[in-house]
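Examining the three-dimensional arrangement
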Amino acid sequence: MRYLAILISFIILISAPFFGQVDMQLTNIFDFSSSDAIVFWDIRFPRVVLAFFVGGILALGGLVFQTIFRNPMSTPFTLGVASGATLFTAIAIVLGLMQFISIFAFIGAIVTVATLFVIASRLKGTSTASLLLVGIALSFFYSACLMVMFFISDLHDSYEIVRFTMGSLDVVGFDSVAIITVVAIGLLVLILSYKYELKLLLTSHEFAILKGLDLKKTNYILLLSVSIAVGVAVSITGPIGFIGLIVPHILKLIYKKSAEKLIVPIFFYGGVFLVFCDLIARNLGTVSDIPIGVVTSFLGAPFFIYLIMRQKRGI
Amino acid sequence: MLKLDNYSNYILDDISLSVKGQNLIILGSNGCGKTTLAKAISGLLDNSKLDTKLVNYIPTKLDIFDSFLSVKEFLDLSCLYGKRTIDEVCEILDISDLKEKNAKTLSSGESQLVLLASAILHSAKYTILDEPTSNLDPQKVKRVFRLLKDDTILNYKVIITHNLDLAYKLGFDVTYIKDGKIDFSGTGQEFFAQDNLDKYFDKSVKNIDGNIVVSI
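Here's the deal with the overall build of chain B
Counting its secondary structure elements, chain B contains eight helices and 10 strands. Relative to the 2.2 N^0.38 estimate, which gives 17 Å for 216 residues, the radius of gyration of chain B is 17 Å and therefore close to what a compact globule would have. Projected onto its principal axes, the C-alpha positions of chain B cover 50 × 40 × 30 Å. Residues classed as buried in chain B amount to 42% of the 216 residues present. Looking at chain B alone, contacts between residues at least 24 apart form 66% of all its contacts between residues at least 6 apart.

Thoughts on the overall build of chain A
Helix and strand counts for chain A come out as 13 helices and zero strands. For chain A, the N- to C-terminal ordering of α and β elements is α-α-α-α-α-α-α-α-α-α-α-α-α. For chain A, whose C-alpha radius of gyration is 20 Å, the value lies close to the compact-globule estimate of 20 Å for 315 residues. Once the C-alpha set of chain A is aligned to its principal axes, its extents read approximately 65 × 55 × 35 Å.

Concerning the confidence of the model for chain B
Reading fine detail from the predicted coordinates is not recommended where pLDDT is low. In the predicted model, chain B carries a mean pLDDT of 93, and 100% of its residues have values of at least 70. Among the prediction metrics, the complex's ipTM stands at 0.92, with pTM recorded as 0.89.

A closer look at the confidence of the model for chain A
Across chain A, pLDDT averages 86, with 96% of residues at or above 70. Per-element mean pLDDT across chain A ranges from 83 in helix α13 (residues 292–310) of chain A up to 96 in helix α8 (residues 195–201) of chain A.

Things to note about the pairing of strand β8 (residues 181–186) of chain B
Within a regular strand, side chains alternate between the sheet's two faces. All names here are of chain B. Here strand β7 (residues 173–178) pairs with β8 via five bridges, running antiparallel. Paired with Thr 175 across the strands is Ser 185, a residue of β8. Linking β7 to β8, which pair antiparallel, is a turn of two residues; within it Asp 179 sits at a positive phi near 50 degrees.

Quick word on the interface of chain A and chain B
Each partner contributes residues to the interface: chain A has 20 residues there, and chain B has 19 residues. Going through the elements one at a time, α8 and α9 (205–210) of chain A are the ones with two or more residues in the side of chain A that touches chain B. For the side of chain A that touches chain B, the element with the highest residue contribution is α9 of chain A, accounting for three residues. Class assignment of the residues belonging to the side of chain A that touches chain B gives a composition of six nonpolar, four polar and 10 charged.

Remarks on the sheet that holds strand β3 (residues 24–28) of chain B
Residues and elements named next belong to chain B. Here six strands make up an open sheet; going across it, the order is β4-β5-β6-β3-β7-β8 and the pairing mixed. Looking at the sheet topology across the chains shown, the edges are occupied by β4 (55–58) and β8. Across the sheet, the axes of successive neighbouring strands diverge by a mean angle of 15 degrees, strand direction being ignored. The pairing of β3 with β7 spans five bridges and is parallel. Within β7, the residue paired with Ile 26 across the bridge is Thr 175.

Focus on unusual backbone geometry
Positive phi, close to 50 degrees, is recorded for Lys 256 of chain A, a residue that is not glycine. Judged by the 10 C-beta atoms lying within 10 Å of it, Lys 256 of chain A falls in the exposed class.

Structural notes on the pairing of strand β5 (residues 126–130) of chain B
Residue and element names in this part refer to chain B. Most of β5 is tucked away, with five of its five residues classed as buried. Examined bridge by bridge, β4 and β5 share four bridges and lie parallel to one another. What sits directly across from Val 55, in β5, is Tyr 126. Pairing of β5 with strand β6 (residues 156–160), which is carried by five bridges, proceeds in the parallel orientation. From the neighbouring strand, Leu 129 faces β6, where its bridge partner is Ile 159. In the classification by handedness, the crossover that spans β5, the intervening helix α5 (residues 138–149) and the parallel β6 is right-handed.

A short note on the environment of Leu 274 of chain A
Residues and elements named next belong to chain A. With respect to the secondary-structure elements, Leu 274 resides in helix α12 (residues 263–282). Since 29 C-beta atoms lie within 10 Å of it, Leu 274 is described here as buried. Residues Leu 274 and Ile 292, spaced 18 residues apart in sequence, show a C-alpha to C-alpha distance of 8.3 Å.

Criteria and cut-off values
- Residues numbered from 1 in each chain as written.
- Chains lettered and ligands numbered in written order.
- Predicted model: local features only at pLDDT ≥ 70, side-chain atom pairs only at ≥ 80, totals over all residues.
- Helix = DSSP H or I, 4+ residues; strand = E, 2+ residues; numbered from the N terminus.
- Rg over C-alpha atoms; globule rule 2.2 N^0.38 Å.
- Buried ≥ 20, exposed ≤ 12 C-beta atoms within 10 Å, placed from the backbone.
- Contact = placed C-beta atoms within 7 Å.
- pLDDT = per-residue confidence, 0-100.
- Pairing = 2+ DSSP bridges.
- Nonpolar A, V, L, I, M, F, W, Y, C, P; charged D, E, K, R; others polar.
- Axes fitted to C-alpha atoms, helices over the stretch in contact; angles between N-to-C directions.
- Right-handed = clockwise from strand over helix to strand, strands pointing away.

Spelled out as C-alpha cells, the structure:
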C-alpha cells in the first residue's frame, strides 16, 4: 500500500510537467529552439519544482507548529504568520515596491512571530490554547489591515493584491525556484536534526524539560526557522492555506506512527499534494488557472473529514 | 542537594526546605501547595535547563500529546542514568504487556505504573513522586510500596501522598504543608504519634497497632 502510494506519487511528479493548457509534442522537449521546450523547461518544470517544495515547507511547518504548540489546529496560517506575510506584501504593492515583495513578506512573517513570542512570554503558565486564540485574533487584525490597504489602493493595485491573496504558482524561470529549493531542503535538514527534541515535545513540555531539553531555545530555533521558510514561500506563491493543517494529520492517520518518524513523509507528500492540486488547477480547461488554494481546500477538506470520521479516537 | 530559600509564589509562602541525602514524605490537604512545592524544588518553575542527573519529577498523570507514541518509545526517552533495561523494569512492575500500546490510551492506573517505570529508567539522584499510588488497586499499591522501600530501585525519593498508611510504613521523614507554609518537619515517628495525628487530622486518623487507619 505504501509502495503503491510512493509509486503513484512519483508518477504524478514526473508526469506533471507534461500536462497543461498548451498541448506539446513529446519529441520537441529536447529541441531547445521549439516553443514546446520553452513551455516545458521555463514554465512547467520550474512550476512543478516550486509546487513540490512549497508544499513540503507548508506541510512540515504545520507539523512543527502542531508539535510545539501541542495543538492539532495550530499552523503558521492559524497563528497569523502567513497573514502577516500577506499584509506586508500588500503594503509593498501599494507602496509600489514590487521588487521588494519577498523582503516585505519575510518581514511580515518575522514581525508576527516576534509578536507571538512577546505575548507568549507574558502568558505564564496558561495553556497554548491562549496563544492560538491570540494568533487567530492577530489574523483578524491583519485581515482588517488588508481591507484598509484595499481601500487606499487604486484599482490596479487592488487587483494585484487579490491575485496574490488567492495564491498562485505562476513562475517563469528558475530564480525563485532556486531560492525555495534551498530554503525547503535547509528546513528539512534542520527539522531532521531536531528529531530527538521533537520526539520529547510529543510527550509534554514538563517531561521534555525534565529530560534536559532547553525548551526555550528549541522553540525559538524551530519556530523561527519555520516562519522564515513560510515567509519565503508566501512571498513567492501567496498564501496557500490548508496544506499545513491537513497533510500532517492525514499522514498520522494513515501511518499510525508518532510524528517525529513522519518528518520526511510529511515533507514529501505535502509536496506531492500541492503538485497534484496544481496539476488539476492547470487542466480544468477554464479560461485561466483556478487559484491553487481553491483546489487544495476543495480536494483536501472532504478527504480529511472522511479520515477523521473513520477514526475510532480523536486526533 | 535540593534546596529552596525563602521561596514565595502565588501559593507558597516564604518556604525554606532542603533535602540532602534523605528520603522525604510531603503531606498536606488538597490545594495546600504540595505539587507547586515539588515543582519549585525540582526547578521546573524556573523555565531554564535542568540538571537531569540531580532531579526528576514524576507527575500524577501521564501527559502525552501525540496519539501514536508507544509506551516503549516513551520509556526510551526516559533512559538516562538507570542501569536496568526497559524490559527488566517492565518485568519488575508487571507492565510488559503495555509496551506496544499507545501511551495516550492507557488507563490512569496503567499510566501511573508507566510513569514509575520512567522514573526508574531515568534514575536521577532525587526523584520527586507526586501521588504515585493514587490510581492503583490495593495489590499494586503493595507492589509499589515495596519498590519505594527498596533503595536499589530509586536513589533518594521525595513522595507526595495522601495514603497515610503508606507514608507511615515507608518510615521516611515527614514535611506537612498547610496554606503554603511548612507546618511540621520531623521524623515519621514524631508525625504519626497519636497526639500529632489528632492535631493535624481532626481526630479522624488513628494509629492502631502500627497501622494508620482513617475513620469515615
